[in-house]
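Each chain is listed here by its residues.
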Amino acid sequence: KMQIDLHMRQGNGTYGAVGGVCGLTLSALENCSNDADITLQSFKQNFYFGGVTGYNEYFETVSCDNSGDLSLTLGAPGDKPSSVALFGGILAYTKKNVSYCNNSGAMNLTGGRSGKTYYVGGILAQAGANVYYYGTASDYMGNSGSITIDTPATVRVGGIEGSGSGGRLNYTLNTGDINVTSLGNNCYVGGLRGYCTGQILVSENKANVSLTTAGAT
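Report on the accompanying structure.

About the thresholds
Starting from 1, residues in each chain are numbered consecutively following that chain's sequence as written. Confidence filtering applies because this is a predicted model: local features only for residues at pLDDT of at least 70, side-chain atom pairs given and counted only at 80 or more, and all residues used for totals across whole chains, interfaces and linings. Processing note: side-chain calculations cover all non-hydrogen atoms of the structure and skip hydrogens and water entirely. Numbering goes from the N terminus for both helices and strands, where a helix is a DSSP run of H or I of at least four residues and a strand is a run of E of at least two. For the purposes of these results, a polar contact is taken to be a pair of N or O atoms within 3.5 Å, where, inside protein, one atom must be able to donate a hydrogen and its partner to accept one; residues adjacent in sequence count only when each atom of the pair is a side-chain atom. Should any heavy atoms of two residues lie within 4.5 Å, those residues are considered in contact. A carboxyl oxygen of Asp or Glu within 4 Å of a side-chain nitrogen of Lys or Arg is what we treat as a salt bridge. Under the scheme applied here, a residue whose accessible area is under 20% of the maximum for its type counts as buried, over 50% as exposed, and between as partly exposed, the area being computed with a 1.4 Å probe on protein chains only. A strand pair is defined by DSSP finding two or more bridges across the two strands. Simply put, an axis is a line fit to the C-alpha atoms, just over the touching stretch for a helix, and the angle between two N-to-C directions goes from 0 to 180 degrees.

Position of Asn 170 among the secondary structure elements: in strand 24 (residues 167-170). A polar contact is formed between the side chain of Asn 170 and the side chain of Ser 203, at a distance of 3.4 Å. Discounting chain neighbours no more than four positions away, the residues touching Asn 170 are Tyr 133, Tyr 134, Gly 135, Ser 203 and Asn 205.

Here it is as structure tokens:
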């Protein structure tokens, strides 16, 4: 099985993006898959890390799968860890719909900075708009990989989506256990969605998981 190890240090850009298929996507992403284990040690100020793609702002993601284990370490002794990190089983950031996608890879995040906020989702880390998620009655889309986090930062963590403004969950399923240790304040952890600032439409969604949290909140 392929293993990808990356070490990203602070550069002149405002963000970095890593994915098992592509880092940044400038077209619709359909029928893509990654089965490589990816280990990333990041020092970028803003970072997007997904099992399939890191950043796909303007295009839909359809029928994409990740089965590789994903590991993200933010900073190292003597270094200044990332200010912003988005970490998703399929993708880290989008404003468009996500359909028929599945993640079975384990996700692990360690390190980081106190006072910062990190976003982690079994499918998507952060939605920049009202994102709709679609599966079917005979074929739920979702996450079965475990999510483990140990950080001094604040976190928004969900089995499907870490954070978003609204949208719809339609036939989604999470069976991956979530284990969070955080020293940050105002942390949000959910079996399907961690944090939402708008109206959510839900239809036939399931979460069968163990949620464990420890830390400040």
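This brings us to the environment of Thr 154. Mapped onto the elements, Thr 154 comes out in strand 22 (residues 154-158). Thr 154 sits 35 residues away from Tyr 119 along the chain, and the two C-alpha atoms are 8.8 Å apart. Filtering out sequence-adjacent residues up to four positions away, Thr 154 remains in contact with Lys 116, Thr 117, Tyr 118, Ser 182, Gly 184, Asn 185, Asn 186 and Cys 187.

This part takes up the pattern of salt bridges. Here the structure, examined in full by the defined rule, presents two salt bridges. Here Glu 57 ties to Lys 95 by a salt bridge, and the two come within 3.1 Å at their closest N and O atoms. Note that Glu 57 is positioned in the loop between strand 8 (53-55) and strand 9 (61-62) and Lys 95 in the loop between strand 13 (91-94) and strand 14 (98-99), a separation of 38 residues in sequence. With relative accessibility at 10%, the residue Glu 57 sits in the buried group.

Backbone hydrogen bonds are what pair the strands of a sheet, in a parallel or an antiparallel way. Reading across the sheet, the six strands line up as 5-10-15-20-25-30 and stay open at both edges, with parallel pairing between neighbours. The open sheet has two edge strands, strand 5 (33-34) and strand 30 (206-207), and neither has a second partner. Two strands pair when backbone bridges link them, and strand 15 (residues 102-103) and strand 20 (residues 141-143) are joined in this way by two bridges, in the parallel orientation. Bridged to Asn 103 within strand 20 is Asn 143.

Here we take up the sheet that holds strand 23 (residues 161-164). The parallel open sheet is built from six strands, whose spatial order is 3-8-13-18-23-28. Looking at strand neighbours, the two that pair on one side only are strand 3 (22-24) and strand 28 (193-196), the edges of this open sheet. Averaged over all adjacent pairs, the angle separating strand axes in this sheet is 10 degrees, with direction ignored.

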